[in-house]
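Each chain, letter by letter, is given below.
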Amino acid sequence: MSSEDGDEFSEFDPLSYQEGERAEASTKRRLEHIIEDYNDSIDVLAEPVQNAMDAIVRANNRDLFPEIESEAEAESDSPSDNEDSVIPAKVTVEIDTDEGIIAVRDNGRGFPIGELQEFIAPEATNKRDLYDNGTVRGHKGVGLTFLAYGFNHFEVVSKVPGEEPYRLKLTGGREWVESEDVGADTRPKAAPEELEEDFERGTKVTIQTDDTTRPSNLSHVFNTAKMMKTILETQTAAGVVPPADENHPPVDITLKYTANAETEELDIQDRYRYPHEKLNEDLEDGQAPLETIEVDTESDAEVDATLRNAHHGVYSFFDSEEIAERITDSHTGEYLTEAEDIKEYIREHELEVYVLYTYSNEYRDKLKKRWNIRGNWSFHKPGIRIASDGMISLWHENTNLSYSGGRNQRLWFLYHFTTDVAPDSGRNDFPNETKDVIHGTKQFLHSDVVSRAEDYLRAAPPQSARDSELQKTPLERELEMDDISVDPIEGVGPIPHLKEPHEEQDVIGVFNQLAGMGLLNCYKPSYFTGIGAFDGFVRYDPESVPSRLHEVFPGSSSITGQQSAITLEFKRRGVDIIEHIVNNTKEWQEMDLLVCWELEDSIDNAEEDENDGNSDGDSTATENFAAQRELAGKTVTFRRPTSSEDRRYAGVTHIGTLSSAGQVPLRTIALKDLINQL
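Everything quoted here is computed from the prediction, not taken from an experiment.

1. Some points on the overall build of the protein chain
Point 1. Within the protein chain one finds 22 helices and 22 strands.
Point 2. Sorting the 678 residues of the protein chain into buried and exposed places 50% on the buried side.
Point 3. Sequence separation of at least 24 residues holds for 70% of the intrachain contacts in the protein chain that already meet a minimum separation of 6.

2. Considerations on helix H12 (residues 362–370)
Point 1. All of the buried residues along H12 are Tyr363, Arg364, Leu367 and Arg370. Along the axis of H12, the buried residues cluster in a sector spanning 135 degrees; they form a single face.
Point 2. Contact partners of the buried residues in H12: strand E9 (292–294), strand E11 (351–358) and strand E14 (411–417).
Point 3. Once H12 finishes, Asn372 follows within two positions and takes phi at roughly 60 degrees, a positive value.

3. Looking at the packing of helix H11 (residues 339–348) against helix H13 (residues 432–453)
How two helices sit against one another is set out by the angle between their axes and by the gap between those axes.
Point 1. In the contact formed by H11 and H13, the axes pass within 10 Å of each other and the chain directions differ by 105 degrees. Judged by the inter-axis angle, H11 sits roughly perpendicular to H13. Each of Ile342, Tyr345 and Ile346 in H11 lies in contact with H13, whose residues at this interface are Glu433, Thr434, Asp436, Val437 and Thr441.
Point 2. Taken together, the residues of the contact of H11 with H13 break down into 4 nonpolar, 2 polar and 2 charged.

4. Considerations on the sheet that holds strand E3 (residues 153–159)
Point 1. Strand order across the open sheet formed by 8 strands is E5-E4-E3-E6-E2-E1-E7-E8, with mixed pairing between neighbours. Single-partner strands in this sheet number two, and they are strand E5 (191–194) and strand E8 (262–268). Taken over all neighbouring pairs, the strand axes of this sheet differ in orientation by 15 degrees on average, direction set aside.
Point 2. Relative to strand E2 (residues 101–106), strand E1 (residues 90–96) runs antiparallel, the two sharing 6 bridges. Looking at the pairing, Val91 lines up with Asp106 of E2.
Point 3. Strands E1, E2, strand E6 (202–208) and strand E7 (252–259) of the sheet are contacted by helix H2 (residues 43–61), whose axis makes an angle of about 10 degrees with E2.

5. Looking at the packing of aromatic side chains
Point 1. The tally for this structure, following the rule as stated, stands at 18 aromatic pairs.
Point 2. Ring centres of Phe317 and Tyr354 lie 5.3 Å apart, and the angle between their planes is 50 degrees; this geometry places the pair in the tilted category. Of this pair, Phe317 sits in strand E10 (residues 313–318) while Tyr354 sits in strand E11, and the two are 37 residues apart along the sequence.
Point 3. According to the relative accessible area criterion, Tyr354 is buried, its value standing at 2%.
Point 4. An aromatic cluster is defined as three or more aromatic residues linked by ring pairs; in this entry it consists of Phe511, Tyr523, Phe528, Tyr540, Phe570 and Tyr649.
Point 5. Taking the ring centre of Phe199 as reference, the NZ or CZ of Arg105 above it sits at 4.0 Å.
Point 6. Directly above the aromatic system of Trp371 lies the positively charged group of Arg273, at a separation of 5.0 Å from the ring centroid.

What counts and how
Residues numbered from 1 in each chain as written. Predicted model: local features only at pLDDT ≥ 70, side-chain atom pairs only at ≥ 80, totals over all residues. Heavy atoms only, no water. Helix = DSSP H or I, 4+ residues; strand = E, 2+ residues; numbered from the N terminus. Buried < 20%, exposed > 50% of the residue type's maximum accessible area, 1.4 Å probe, protein only. Contact = heavy atoms within 4.5 Å. Arc of directions from axis to C-beta. Axes fitted to C-alpha atoms, helices over the stretch in contact; angles between N-to-C directions. Parallel < 35°, antiparallel > 145°, perpendicular 65-115°, else oblique. Nonpolar A, V, L, I, M, F, W, Y, C, P; charged D, E, K, R; others polar. Pairing = 2+ DSSP bridges. Phe/Tyr/Trp six-rings, centres within 6.5 Å; stacked < 30°, edge-to-face > 60°. Lys NZ or Arg CZ within 6 Å of the ring centre and 35° of its normal.

Coordinates in, geometry out; function isn't part of it.
What follows is the structure, encoded as structure tokens:
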């Protein structure tokens, strides 16, 4: 390298390249990434609720609330359960599904306008030290950014003690983020103004959804008042996970839910709702209660006869010392590699673990109904969750226990790291050390509860309808199935499989038959598995692509060695892959090729052709659109490939994308489409 003035070898500031136009582009990319991080529908509610609860804590630390009037209230685990007391700290959550409005009001410390003007920008916050001291839950400095730029209407009304109240509005934030505009002069401007009407101390944050936001339609996502009560108590900072820090005062929380011009008002518990709680409220006639009991796993006392085999679930709490004392070298992990390391981590972060074990898989379904959960939400399902510093997260993992004997669908875990464990921006992930703790302890914690549960749990119920279906003879099931509805393949003939695939195993069978017949012999199976992050593994050989397949569904001519190693996922319906994503049983980025019988049922396809939701003026997008499914705030969309390079592998019929994974593609072979077009 040479230069007349030798500037290439002078000292320079690498960050200076982010000034000017580069900085403007970088700011917009950061906003896009923040919005992508908040990819769950609950985020739009969880963020303002978290900010409100933090404001209450900060007001309490400044002695802005009078003393609680009832002595019994102060000693209660859940102060808001005592109707005779007066709780000065208040939060009101308003959800108007008619207008698409969410508003959260608190009577905390108020939001100084100078701070608000600064903290709407990403990573700007004064909460880091407060978080380290256990005073607040939020500290990343991106929550307000998400609310301001993830939606097109953002409004804050606030009053600080001794100051005049004000209102600040920002409109068009999401539209600007989605636009091609980058320059500072194109950004929407926030407009503050003095508030003339009365407004008591505290803050009210309001956002409004529309077709460009996620969620777009509140009536589809937050569809009943009782379900929203459940969500607030189990998915947001409103439900403080015990033990509550001394900084967190009791809070009187109210939900005002409006739908079809009618408003329902409900009281919200200011303590986390565990999956053994609130099961027997408003039982219908003839509906039996679900009985649960807390058990001491260390006790060997004889069980009272009246309690024996009379319960639907048993649960236990384990403190950090109980857990740390059990750690040996066999419990270490990838990041905490020594037994002393994992013990120190457990004690330092004051870990507490809750475990619930139930009598059958039926408990999950009854829990969903009694908690008034509608649609395809999955947060009530068995598995492992994490809370930190008193706040539940959206992180969820299947139990996946070794030698569990089918217990995975009957176990709920909550790992609460009560001090100084910071999640990511959307509270969807945690440091790797926490995973080492979970994976090292879940086996013996579950064993303790299960061994004690045998004395208390009632017998499992009779077989479900699905079990009854499986009791039919093979011939009975075969006669009830439809014949396969695809034409013989040109030059190959009919496929041997006689019946329409009803299960994933059928799809695997058809895929292997097509490979054996030579139609898909470019895919060289190595193995198939029912365990792990994928269902199979194949090698792709571009030199073995049959001429007929190359003619109709050509692949790329430049496949690298790494690209030829393909992980497979099988589904009967392609759109159902989103269930794995929502339940955290599969990772979108880890799947190379999805093989399904069809993207969705034929009747669904017919309806989608009429109302595909993509008629936005982009005729190419509408023409290529194939199928879509939304579940728990995430959306999977399938389109047709636009070129052989887009397809990459011969035979690929569709490309799938996930709303929370950007443009990462999931190449898909819909076997029914493949056969019919060949």
